[in-house]
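# Survey of secondary and tertiary structure
Read off the chains here:
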Amino acid sequence: MARAPFELAGIRVMPGSRTQIDVPVARLYTHAPLHIPVEVAHGRQAGPTLLVCGGIHGDEINGVEIVRRLLRSKQIQGLRGTLIAVPIVNVFGFVQHTRYLPDRRDLNRCFPGSEAGSLGGRVAALFREQIVDHASHIIDLHTGAIHRTNLPQIRAQLSPGGETERMANAFGAPVILNAELREGSLRHYAQTRGIPVLTYEAGEALRFDEWAITPGVRGVLRVMRRLGMLTGEHRRRQPPAAEVANGSSWARAPIDGILRPKVRLGARVAKGEVLGKVADPFGNAEEAVTSMADGIVIGMSRLPLANEGEALFHVARFDAIEEAENAVEGFHSSLAPPDPLY
Ligand SMILES: [Zn+2]
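The protein chain is annotated in an unreviewed UniProt entry as Succinylglutamate desuccinylase/aspartoacylase family protein from Billgrantia campisalis.

Okay, structure coming up:
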């Protein structure tokens, strides 16, 4: 028996076909219509419905490129199940190069949203009803905030043997943060609905970081393979080992001043180790930023200007620090030289 068509926003996608759909969101006050662009690939055979979305924070654009490459990958031809790919969710913020919506709300704090609520609440409700509620699995693509960069990492709420853990391990990012859910986030909404969901955090806002994009594309494809959505021949390379962090903390600026970092993203650091120094412009007052714990630097500020108390280095703690260090080294060595026109 033939598989039923997939319907999204009133458009029907036939089995074995792909369709781009512009989901109407709102109008700008110029009267110009605004859409969330979506591509649906509906397989001939039944399988999971995976939503891959980027740009819930409008300035986090690595995910946009991950989605583009995913859609151009030969591996997804003949997929089982259905892929819903959304490169840019917060189209308002994307146009303005900002994380936020025009009402200064964070869309990732607005779920489940409400049709009668604020702009953020309305966009969340529309995205949820038209798109998210179709999904059986979700991968949400993020980067660090502006002037901050993240080592590629998965954030998820893991329960041993659960589907989310299976997806997290398949992805192959070097670090997994068993992260608590933030109220109003897409991840929180999905989790309460029982939809397995991963957040991939890699690179910096308003940048294309090749070392974040390539592993992102590979990771999504690996998850699809693990879910049985991809068939056909494939070099059965094991995903690189990932270590699950048991917590993390930020090292903060001890004084106002100018930062000279001493460590790089992915570095293994010891408790009390100097991560950088903050000094006034003359170099008179100078204080060290030290690590609160043994761990791996999984996020850091890229702006050398700091106010006292500002979060500068994000250090994740591990039970098995050696394994975590090996996972990061293995990850770095797995990256081929980038092809900028890929
Ligand atoms: Zn984000």
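Text resumes after the structure shown.
Turning our attention to the UniProt feature "domain: Succinylglutamate desuccinylase/Aspartoacylase catalytic" (unreviewed entry) in the protein chain. Residues annotated by UniProt as "domain: Succinylglutamate desuccinylase/Aspartoacylase catalytic" (unreviewed entry) correspond here to residues 46-225. When the span residues 46-225 is considered, its composition is 34% helix and 21% strand, and the gap between its end C-alpha atoms is 14 Å.

Here we come to the coordination of the zinc ion. The protein atoms donating to the zinc ion are His-57 (ND1), Glu-60 (OE), Glu-60 (OE) and His-142 (ND1), with metal-donor distances spanning 2.0 to 2.5 Å. Taken together, the four donor atoms coordinating the zinc ion and their angles of 56 to 149° define a geometry best described as irregular. Of note, the donors binding the zinc ion are all from one chain and are spaced H-x2-E-x81-H.

Taking 1.5 Å of rise per residue, 13 residues should cover 18 Å, and helix 7 (residues 321-333) covers 18 Å from first to last C-alpha, within 8% of that figure. Among all positions of helix 7, only Ile-321, Ala-324, Ala-327, Val-328 and Phe-331 are buried. Burial along helix 7 is one-sided: seen end-on, the buried residues are contained in an arc of 115°. Of the surrounding elements, those touching the buried residues of helix 7 are strand 8 (148-156), strand 9 (175-178), helix 6 (210-226), strand 11 (243-245), strand 14 (268-269) and strand 17 (295-301).

Quick look at helix 4 (residues 163-171) now. Listed as buried for helix 4 are Thr-164, Met-167, Ala-168, Ala-170 and Phe-171. An end-on view of helix 4 places all buried positions within 165° of arc, on one side of the element. Once helix 4 finishes, Gly-172 follows within two positions and takes phi at roughly 85°, a positive value.

The next point concerns the nonpolar core. Considering soluble globular proteins, one finds that nonpolar side chains tend to be buried as a cluster. Ranked by size, the top nonpolar core spans 37 residues in total, and within it Leu-51, Val-86, Phe-127 and Ile-131 carry the most contacts. Secondary structure elements with two or more residues in this core: strand 1 (6-8), strand 3 (17-27), strand 4 (33-42), strand 5 (49-54), strand 6 (82-86), helix 2 (91-96), helix 3 (119-130) and helix 5 (186-192). Among the elements that take part in this core, strand 4 stands out by supplying four residues, more than any other.

All right, on to the packing of aromatic side chains then. In the structure shown here, the tally under the stated rule is two aromatic pairs. When the centroid spacing of 6.2 Å and the interplanar angle of 65° are considered together, the rings of Phe-111 and Phe-127 count as edge-to-face. Taken together, the residues span a long stretch of sequence, with Phe-111 in the loop between helix 2 and helix 3 and Phe-127 in helix 3 at a distance of 16 residues. Judged on exposure class, the residue Phe-111 and its partner Phe-127 are both buried. The lysine or arginine in question, Arg-148, covers the ring of Trp-250, its NZ or CZ lying 5.4 Å from the ring centre.

Burial analysis of strand 4 places seven of its 10 residues in the buried class, the great majority of the element. As paired strands, strand 3 and strand 4 are joined by 10 bridges and run antiparallel to one another. In the sheet register, Arg-27 faces strand 4, and the bridge partner there is Pro-33. The turn joining strand 3 and strand 4, which pair antiparallel and follow one another in sequence, is formed by five residues; a positive phi near 85° is taken by His-31.

Our focus in this paragraph is the sheet that holds strand 16 (residues 286-290). Taken together, four strands build an open sheet; the order of strands is 16-15-13-18 and the sheet is antiparallel. Unpaired on one side and paired on the other, strand 16 and strand 18 (305-306) mark the two borders of the sheet. For strand 13 (residues 257-261) and strand 18, the ladder comprises two bridges, and the chain directions are antiparallel. Within the sheet, the bridge partner assigned to Gly-257 lies in strand 18 and is Ala-306.

The rules behind the values
Residue indices begin from 1 for each chain and proceed along its sequence in written order. Note on the predicted model: pLDDT of at least 70 is required for a residue's local features to be given, and 80 or more for side-chain atom pairs to be given and counted; whole-chain, interface and lining totals, by contrast, use all residues. Side-chain measures here rest on the full set of heavy atoms in the structure, leaving out hydrogens and waters. UniProt positions are given in the numbering used here, feature names are shortened, and annotations may be inferred rather than shown by experiment. Comment: elements are numbered from the N terminus, with helices defined as DSSP H or I runs of at least four residues and strands as E runs of at least two. A 2.8 Å cut-off from the metal defines N, O and S donors, relaxed to 3.2 Å for Na, K and Ca; water is not in the atom list, so some sites may appear incomplete. Geometry is assigned from donor-metal-donor angles: four donors are tetrahedral when every angle falls between 85 and 135 degrees, four are square planar and six octahedral when opposite donors sit over 155 degrees apart with all other angles between 65 and 115, and any other arrangement is irregular. Here a helix's expected span is defined as the number of its residues, less one, multiplied by 1.5 Å. Summary of the burial criterion: residues with accessible area below 20% of their type's maximum are buried, those above 50% are exposed, and those between are partly exposed, where the area comes from a 1.4 Å probe applied to protein chains only. Here the arc refers to the set of directions running from the helix axis out to each C-beta atom. Throughout, a contact is declared for two residues whenever any of their heavy atoms are within 4.5 Å. Note on terminology: a nonpolar core comprises buried Ala, Val, Leu, Ile, Met, Phe, Trp, Tyr and Cys residues joined through side-chain atoms within 4.5 Å. Aromatic pairing here means that ring centres of Phe, Tyr or Trp (its six-membered ring) are within 6.5 Å. Orientation follows from the plane angle: under 30 degrees is stacked, over 60 is edge-to-face, and everything else is tilted. Distance and angle both matter: a charge sits over a ring if NZ of Lys or CZ of Arg is within 6 Å of the ring centre and within 35 degrees of the ring normal. When DSSP finds two or more bridges between two strands, those strands count as paired.

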